[in-house]
Amino acid sequence: MVHLWRMFWSVVPVLVFGTAANEHSAATWEATNQFGTTSHSWRAITGSDDLSKLAAVVQSGSIWFSLDSGTSWMESSGTASNHWTCITSSSTFDHLVAGVHGGGLYLGTYSAAHGSLSWAQVDLQTVGIHDWEAVASSSAGTTIMAFPSYANMWHSADTGATWSEITGPGALSWSAAAMSSDGMTVVAAVMGGNMWAATDGGWTWNAIGPSSNSWHAVVCSLDCSAIRAAVYGGNLWSGYGVEHGHSWSWTEHSSTTGNWKSIASSADGLKLVASSYGGNIWTAVSVTDVHGVIWTEDTSLASMSNWWGIASSSDGSKLSAAVFGGNIWMYGGVTTANEASSNDPQQPSSPPSPPPPSLPPPSPPPPGGGDEGGEALLPSPPPPSLPPPSPPPPGG
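Residues numbered from 1 in each chain as written. Predicted model: local features only at pLDDT ≥ 70, side-chain atom pairs only at ≥ 80, totals over all residues. Heavy atoms only, no water.

Assigned secondary structure in the protein chain consists of 1 helix and 27 strands. Counting every position in the protein chain, which comprises 396 residues, the buried fraction comes to 61%. Of the accessible surface of the protein chain, which amounts to about 14100 Å², a share of 53% is contributed by carbon and sulfur atoms. (Helix = DSSP H or I, 4+ residues; strand = E, 2+ residues; numbered from the N terminus. Buried < 20%, exposed > 50% of the residue type's maximum accessible area, 1.4 Å probe, protein only. Areas by Shrake-Rupley, 256 points an atom, 1.4 Å probe, with all protein chains shown as cover.)

This is the structure we're talking about:
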């Protein structure tokens, strides 16, 4: 995810992870103005274990990548004009997979020798054309799973060389997914339905979680013994596996209501960050173990930014967050910083209208809608393909 242009940053003080839940240390988020007036409709972001390498997808745009912790970015060739919705990476950034709404799956390969990220489409005669909503990968990138809305999930055990359709759970409205480091435990969320899990590498699935929630994001610890999930228009949740993942207990974190779009975690599941569309970024640090979670709203970044994708390094010290219709923000590990920009890096003063939701949004809706699987309870018919986002109004 490297860009050959220089990236300019504005610096904003913010409270982030510390040694305890109520001992956050003062630090800074930095927003690039590299993209200038062509702020993108960022949908999802991923990276290597240390976030030294990053990749982000733009709805109705391209895939961008950075090889220097987000300081500079370049556009990945051959990826333009796709309705990108989701992306994930192996821990070393060698293997990536991304999905298109109303299109196919793409496999990414990073070349350290050339400093490039190349993409190849998975054979459409194999996986077909779908509204891909979520992708998940093992740390090595060997096991991959892809989840379309209102269709069966797909599984690869050889870095995407061959694929198998998993029909057990059925053609559900899949909205988010996460995978353990070894690829043995996979967790997937259904918009307006249950949380599901497989503990045999993704072959056999069982419903494990609260139903009828507008699940929009999920992440798990290295072994998936701790699950963190987000409900669009609802609260943040934690799930804990017992009996080697054969049963689960769930906790809803009260007073965390938001239009949650994405959630990320450190490898141990103790440091958490979540993004709210039309709201703020929230962080949490478990007090002693994965069960004790205290979420804190970060109000130092201007509210009403349309936060969408978010990523964390494996140790939780570095974060990256993307604004739909705005910029990419970084915390920690930035190699270049300069004077604050006169522009508001959070988003344009009149942000571009986001796309209409795939599903009817819950109350209250975001300013214009959002996605990553839909925003509301499961409807009867499948959602239509989404049009590209409206351009910003004059002067926006």
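From this point on, the discussion continues.
What follows covers a negative patch on the surface. Side chains of Asp 49, Asp 50, Asp 268 and Asp 315 sit close together on the surface and give a patch of like negative charge. Along the chain, Asp 268 turns up in the loop between strand S21 (247–265) and strand S22 (271–279). Assessed through its relative accessible area of 46%, Asp 268 is described here as partly exposed. (Patch = residues over 30% accessible without salt bridge, like charges linked within 9 Å, V, L, I, M, F, W, Y side chains within 5 Å. Salt bridge = Lys/Arg side-chain N within 4 Å of Asp/Glu carboxyl O. Lys, Arg positive; Asp, Glu negative; His and termini not counted. Charge placed at Lys NZ, Arg CZ, Asp CG, Glu CD.)

Time to look at the packing of aromatic side chains. Taken as a whole and judged by the stated rule, the model has 15 aromatic pairs. Note on Trp 42 and Trp 73: the rings are 6.5 Å apart at their centroids and 45 degrees apart in plane angle, and the pair reads as tilted. On the criterion of sequence distance, the pair formed by Trp 42 in strand S3 (residues 40–47) and Trp 73 in the loop between strand S5 (63–66) and strand S6 (74–75) is long-range, its members being 31 residues apart. Since its relative accessible area comes to 0%, Trp 73 is described here as buried. An aromatic cluster of at least three residues, connected via ring pairs, comprises Phe 147, Trp 174, Trp 196 and Trp 205. When the ring centre of Tyr 277 is taken as reference, the NZ or CZ atom of Lys 261 above it lies at 5.5 Å. Between Lys 261 and the ring centre of Trp 308, over which it is positioned, the NZ or CZ distance is 3.9 Å. (Phe/Tyr/Trp six-rings, centres within 6.5 Å; stacked < 30°, edge-to-face > 60°. Lys NZ or Arg CZ within 6 Å of the ring centre and 35° of its normal.)

With that out of the way, let us pick up the state of the cysteines. Tallied over the entire structure, the rule returns 1 disulfide. Each sulfur of the disulfide joining Cys 220 and Cys 224 lies 2.0 Å from the other. Between Cys 220 and Cys 224, the S-S torsion sits near -45 degrees, and that sign places the bridge as left-handed. Each member of the pair Cys 220 and Cys 224 is classed as buried. (Disulfide = S-S within 2.5 Å.)

What follows concerns the side chain of Ser 72. The topology assignment puts Ser 72 in the loop between S5 and S6. Judged by its relative accessible area of 9%, Ser 72 falls in the buried class.

Turning our attention to the environment of Val 187. Considering the arrangement of structural elements, one finds Val 187 in strand S16 (residues 186–193). Between the C-alpha atoms of Val 187 and Ile 227, which are 40 residues apart in sequence, the distance is 8.3 Å. Non-local contacts of Val 187, meaning those with residues more than four positions away in its chain, are made with Ala 176, Ala 177, Ala 178, Met 195, Trp 196, Ala 197, Trp 205, Val 218, Cys 224 and Ile 227. (Contact = heavy atoms within 4.5 Å.)

With that settled, consider the nonpolar core. Core analysis: the largest hydrophobic core is formed by 17 residues, its most contacted members being Val 187, Met 195, Ile 208, Trp 215, Val 218, Ile 227 and Trp 250. Only strand S15 (172–179), S16, strand S17 (195–198), strand S19 (213–220), strand S20 (226–242) and S21 provide two or more residues apiece to this core. Per element, the largest residue contribution to this core is 4 residues, and it comes from S20. With residues up to four places along the chain from it excluded, the contact list for Ile 208 reads Met 195, Trp 196, Ala 197, Ile 227, Trp 248 and Trp 250. Listed in part, the 16 residues of the second largest apolar core include Phe 65, Phe 93, Leu 96 and Val 100. (Core = buried A, V, L, I, M, F, W, Y, C linked by side-chain atoms within 4.5 Å.)

Within strand S8 (residues 95–103), 7 of the 9 residues are buried, leaving the element largely enclosed by the surrounding structure. In the sheet, strand S7 (residues 82–89) pairs with S8 via 5 bridges, with the strands oriented antiparallel. For Trp 84, the partnering residue across the bridge sits in S8 and is Val 100. Taking the residues between adjacent antiparallel strands as the criterion, S7 and S8 are bridged by 5 residues, where Phe 93 takes a positive phi near 75 degrees. Here S8 runs beside strand S9 (residues 105–111); their pairing, made up of 5 bridges, is antiparallel. The residue bridging Leu 96 from the neighbouring strand is Gly 108, located in S9. Between S8 and S9, which pair antiparallel one after the other, the connecting turn spans 1 residue. (Pairing = 2+ DSSP bridges.)

Note: most peptide bonds trans; most residues except glycine with negative phi. At Leu 51, a residue that is not glycine, the phi angle is positive and equals roughly 60 degrees. Tracing the sequence through the fold places Leu 51 in the loop between S3 and strand S4 (54–61). Among the residues examined, Leu 51 registers a relative accessible area of 1% and is labelled buried. Although it is not a glycine, Ser 69 sits at a positive phi angle of roughly 60 degrees.

Turning our attention to the environment of Asn 152. Looking at the element boundaries, Asn 152 is found in the loop between strand S12 (144–151) and strand S13 (153–156). Separated by 20 residues in sequence, Asn 152 and Leu 172 place their C-alpha atoms 7.0 Å apart. When residues no more than four places from it in sequence are discounted, the contact partners of Asn 152 are Glu 165, Ile 166, Thr 167, Gly 170 and Ala 171. From its side chain, Asn 152 meets the backbone nitrogen of Ala 171 in a polar contact 3.4 Å long. (Polar contact = N/O pair within 3.5 Å; in protein donor to acceptor, adjacent residues only side chain to side chain.)

With that out of the way, let us pick up the layout of surface pockets. Estimates place the volume of the largest pocket at around 940 Å³. Residue lining of the largest pocket: 48 residues in total, with Thr 46, Thr 88, Ser 89, Ala 178 and Val 219 positioned closest to the centre. Where the lining of the largest pocket is concerned, the elements lending two or more residues are S3, S7, strand S11 (130–137), S15, S19, S21 and strand S25 (305–312). Among the residues making up the lining of the largest pocket, the classes are represented as 22 nonpolar, 22 polar and 4 charged. (1 Å grid on protein atoms, 1.4 Å probe; cavity = no way out; pocket = protein on both sides within 12 Å on 5 of 7 lines; lining within 4 Å. Points joined across faces, edges and corners; volume = space filled by probe spheres on them. Nonpolar A, V, L, I, M, F, W, Y, C, P; charged D, E, K, R; others polar.)

Take it as geometry only, folks, not as evidence of what the structure does.
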